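# Notes for the structure review
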Number of protein chains: 2
Amino acid sequence: MANDSVLMPFKDRDHAHQSCLEKALDQAVKNCESSGVRLTPLRRRVLELIWGSHMPVKAYDLLDQLRDEKIGSAPPTVYRSLDFLLEEGLIHKLQSLNAYVGCGEPLKHHTSQFLICRDCGEVAEMDDPDIQQVLSRKAESLGFQVLDKTIEIQGLCEKCIAG
Amino acid sequence: MANDSVLMPFKDRDHAHQSCLEKALDQAVKNCESSGVRLTPLRRRVLELIWGSHMPVKAYDLLDQLRDEKIGSAPPTVYRSLDFLLEEGLIHKLQSLNAYVGCGEPLKHHTSQFLICRDCGEVAEMDDPDIQQVLSRKAESLGFQVLDKTIEIQGLCEKCIAG
DNA sequence: AATGTAATGTTATAATATAACAAATTTATC
DNA sequence: GATAAATTTGTTATATTATAACATTACATT
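Residues numbered from 1 in each chain as written. Chains lettered and ligands numbered in written order. Predicted model: local features only at pLDDT ≥ 70, side-chain atom pairs only at ≥ 80, totals over all residues. Heavy atoms only, no water.

### Considerations on the sheet that holds strand E4 (residues 113-117) of chain A
The sheet built from 8 strands is open, its strands ordered E1(A)-E5(A)-E4(A)-E6(A)-E6(B)-E4(B)-E5(B)-E1(B) with mixed pairing. Strands at the two margins of the open sheet, each flanked by one partner only, are strand E1 (6-8) of chain A together with strand E1 (6-8) of chain B. Put simply, the sheet's adjacent strands are angled 25 degrees from each other on average, direction ignored. Both strand E6 (residues 145-156) of chain A and strand E6 (residues 145-156) of chain B contribute to a ladder of 11 bridges, which runs antiparallel. From the neighbouring strand, Val-146 of chain A faces E6 of chain B, where its bridge partner is Gly-155 of chain B. Contacting E4, strand E5 (123-126) and E6 of chain A together with strand E5 (123-126) and E6 of chain B, helix H5 (residues 129-141) of chain A crosses the sheet at an angle of about 130 degrees to E6 of chain A. (Pairing = 2+ DSSP bridges. Helix = DSSP H or I, 4+ residues; strand = E, 2+ residues; numbered from the N terminus. Axes fitted to C-alpha atoms, helices over the stretch in contact; angles between N-to-C directions. Contact = heavy atoms within 4.5 Å.)

Next up, the structure:
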């Protein structure tokens, strides 16, 4: 029962987060090299902090952590890094939470749909062709040209339902 | 070419906004009567201001207008009214804009998908069964229980494409 | 090294939203 | 109708999220 459209699933107990994080940073380095942009230490650290878990992270929480580490001192520092990472497709912003998560497939151009668990806070990312298609088809039938989509489903993940 | 799933279409030049607004207020009165809640003058006025156009309205713009009219003086006034109207399903919040629009079908329980024109700013509301179904089915297949959905499509409406 | 560009620092402020408590208004009960 | 209870609104203060504007530093190119 493979499910290609899930870019970032909800995590099991045995999720090997260290390697998961390393892979994310690896991909970020690759992405930036091929784009000819600079993944500076600051930007890299912000990405690393966002990837600290699979929870959405708030800008000012990042700022607090950076301040503790004596790097990045004020809001613009963080927001500029976030803007950079968003533009490079390395992270996503969740509009319904004003928070940020790492992108599950940074090397692949895609749009996303997010599942947000209201109990544990974890976020899963998918890019489902059926969802994309039905939305595109509908928009098109109304003469609407789609430029971007915000799709965030709030609810309860399997683990939390199981209790 | 009826399209039942469109609760609030993009508007033509000949859109009769006065009657549109009156209908919205009428429905709000009905809704509140049947729910046994109070559509106070303040709440009614906020709803009216939101229905002033089919553009999303910002909380602090509402506040400015209320101040001009010497009713409602501080942010909590506005936010409380907005919370009330949201709870009653008389308005919706657009998460990607931090702004509010009137609900196209307040008397009918529904979820919504929004089309937001980046050129003219107008918003259309739909509740399309195909979209709902594909999202629900997908969530379900992942063991996810849906509680709420945020679906906002940004792009260009037909009028703006035509120029 | 000199120069231009990109990135970061710094200060200030804008924009969005809520907490906490007081006063007024409405509703329910006597 | 007077009183008590509940709801709504007022008021002050503050929290949270984000950007503007300009200075400084780091890096890249010549």
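Having seen it, we continue.
### Quick look at the interface of chain B and chain A
With 36 residues of chain B at the contact, the number on the chain A side is 35 residues. At the junction of chain B with chain A, the criterion picks out 4 salt bridges. One salt bridge in this structure joins Lys-138 of chain B and Asp-128 of chain A, with 3.1 Å as the shortest N-O distance. Connecting chain B to chain A are 16 residue pairs in polar contact (both at pLDDT 80 or more). Those elements that provide at least two residues to the side of chain B that touches chain A are strand E4 (113-117), helix H5 (129-141), E6 and helix H6 (158-162) of chain B. (Salt bridge = Lys/Arg side-chain N within 4 Å of Asp/Glu carboxyl O. Polar contact = N/O pair within 3.5 Å; in protein donor to acceptor, adjacent residues only side chain to side chain.)

### Some details on the environment of Gly-121 of chain A
Residue and element names in this part refer to chain A. If you trace the backbone, Gly-121 turns up in the loop between E4 and E5. Along the primary structure Gly-121 and Gly-155 are separated by 34 residues, whereas in three dimensions their C-alpha atoms are 9.8 Å apart. Apart from residues no more than four positions distant in its own chain, Gly-121 is found in contact with Met-55 and Pro-56.

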